[in-house]
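Residues per chain, in single letters:
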Amino acid sequence: SGLSQEAGSVEQLSLHCAEGSLEWLYPTGALRLRLAPRLPPTSAAVKGRSPPHVTACIKPTGTFRGAQLYLEREGVLELLLPEAPRPRARCFSWLPQEKVALFLQATPHPDISRRIAAFRYELRGDWLARPALPAASPSAEGACRPCNDTEILMAICTSDFVIRGSIRSVSNDAELQESIIGVSATRIHRQKFPLFQAGGRPGWPVGSIRTPLRCGVKPGPGTFLFTGWLHFGEAWLSCAPRYRDFQRIYESARRTRQNPCEFPMD
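Residues numbered from 1 in each chain as written. Predicted model: local features only at pLDDT ≥ 70, side-chain atom pairs only at ≥ 80, totals over all residues. Heavy atoms only, no water.

Going by what an unreviewed UniProt entry lists, the protein is known as METRN protein and is assigned to Dicaeum eximium. The UniProt entry for the protein carries this comment under Sequence similarities (unreviewed entry): "Belongs to the meteorin family." (UniProt positions renumbered as here; feature names shortened; annotations may be inferred.)

Here is the structure:
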């Protein structure tokens, strides 16, 4: 609570958990949040390959008031969330040796009415080659590029969910700049959380998967293999090849023993 802070003071905190939330009542002064996720040990960097980045995502609550959030990188401040922002996630990455923090600064108000600056956060190591999350920059086109064969094979091994099914609907949220794909699952190969549950045809689970609006997803016939990641409790799309194309890719890799993991085929 800011009621226990002196005006103009800066409280220092460290965020170590992979994900969590922060709630600041009656914001006064500022909070400086050092980003120090406990990352799993990584093997020695491969010669010629760039070191892995660390990624953070911030999502304000719909009632975020009383403060502005800045990214502090090497002593330079960049505004991430103005007061009363839209409830969209902002993501950014940095190298482990860079000094990065969040600077949450209270905004002056003439009255002492109740305000809460609250947000959820996720801290991760490099989200593999294709992070399934809304990019912080509109110029990041990687999220819309079709996966190549290697990326598809890695996606079935490492994704939070692998779902075989068809597209039921596609709706667009212009405010959040997201497309929501309604999926009817014929088989759930893996899901870390119950994202897809009964509700469609008898015995066929249904669920929704999100992707950036700029990708221009359209409904279409056929069976797909949907893969992706969990991001603030929601499923985000990574690779989604047609199932017959995936079968061809996987069988070719299996014959040459280049498949990174075993996958049940039928």
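Visitor: Whenever I open this one, the sheet that holds strand 6 (residues 76-81) confuses me. Can you help?
Guide: Sheet strands line up and pair through hydrogen bonds in the backbone, either parallel or antiparallel. Judged by pairing direction, the sheet is mixed, and its 5 strands sit side by side in the order 1-3-8-5-6 without closing on themselves. The open sheet terminates on both sides in strands that have one partner only, identified here as strand 1 (10-15) and strand 6. The mean inter-strand angle of the sheet, taken between neighbouring strand axes irrespective of direction, is 25°. As judged from the 6 bridges shared by strand 1 and strand 3 (residues 30-35), these two strands associate in the parallel manner. By the bridge assignment, Val10 is partnered in strand 3 with Ala30. (Pairing = 2+ DSSP bridges. Helix = DSSP H or I, 4+ residues; strand = E, 2+ residues; numbered from the N terminus. Axes fitted to C-alpha atoms, helices over the stretch in contact; angles between N-to-C directions.)

Visitor: Honestly, the pattern of salt bridges in this entry has me stumped. Any pointers?
Guide: Between side chains of opposite charge, a pair can form as their charged atoms come close. Under the counting rule described, the total for this entry stands at 8 salt bridges. A salt bridge links Glu72 to Arg32; its shortest N-O distance comes to 2.9 Å. Taken together, the residues span a long stretch of sequence, with Glu72 in strand 5 (residues 67-73) and Arg32 in strand 3 at a distance of 40 residues. According to the relative accessible area criterion, Glu72 is buried, its value standing at 15%. The class of Arg32 is partly exposed, set by a relative accessible area of 24%. With a shortest N-O distance of 3.2 Å, Lys192 and Asp160 are connected by a salt bridge. (Salt bridge = Lys/Arg side-chain N within 4 Å of Asp/Glu carboxyl O. Buried < 20%, exposed > 50% of the residue type's maximum accessible area, 1.4 Å probe, protein only.)

Visitor: Whenever I open this one, the side chain of Thr211 confuses me. Can you help?
Guide: Along the chain, Thr211 falls in strand 13 (residues 205-212). Looking at Thr211, the relative accessible area reads 4%, which means it is buried. Once you skip the residues sitting within four places of it in the chain, Thr211 turns out to touch Glu178, Ser179, Ile181, Val217, Trp236 and Leu237. (Contact = heavy atoms within 4.5 Å.)

Visitor: What am I meant to see in the confidence of the model for the protein here?
Guide: When pLDDT is low, close inspection of the predicted coordinates is not appropriate. Summing up the model confidence of the protein, the mean pLDDT is 84 and the portion of residues at 70 or higher is 86%. Counting contacts from residues 128-132, a segment whose pLDDT is below 50, to residues more than four positions away or on other chains yields 16 contacts. Within the model, the stretch residues 134-140 combines pLDDT values under 50 with 11 contacts to residues more than four positions away or in other chains. (pLDDT = per-residue confidence, 0-100.)

Visitor: Explanation requested: the state of the cysteines in the structure shown.
Guide: Among covalent bonds in proteins, the disulfide is the one between the sulfur atoms of two cysteines. Scanning the entire structure with this criterion turns up 4 disulfides. Covalent S-S linkage joins Cys157 and Cys261, the inter-sulfur distance amounting to 2.0 Å. The sign of the -90° torsion about the S-S bond sets the Cys157-Cys261 disulfide as left-handed. Linking Cys157 in helix 1 (residues 149-158) with Cys261 in the segment after helix 2 (243-255), this pair joins segments that are 104 residues apart in sequence. Using a relative accessible area of 23% as the deciding quantity, one classes Cys157 as partly exposed. Here the protein pairs its bonded cysteines, counted in sequence order, in the arrangement 1-2, 3-6, 4-7, 5-8. (Disulfide = S-S within 2.5 Å.)

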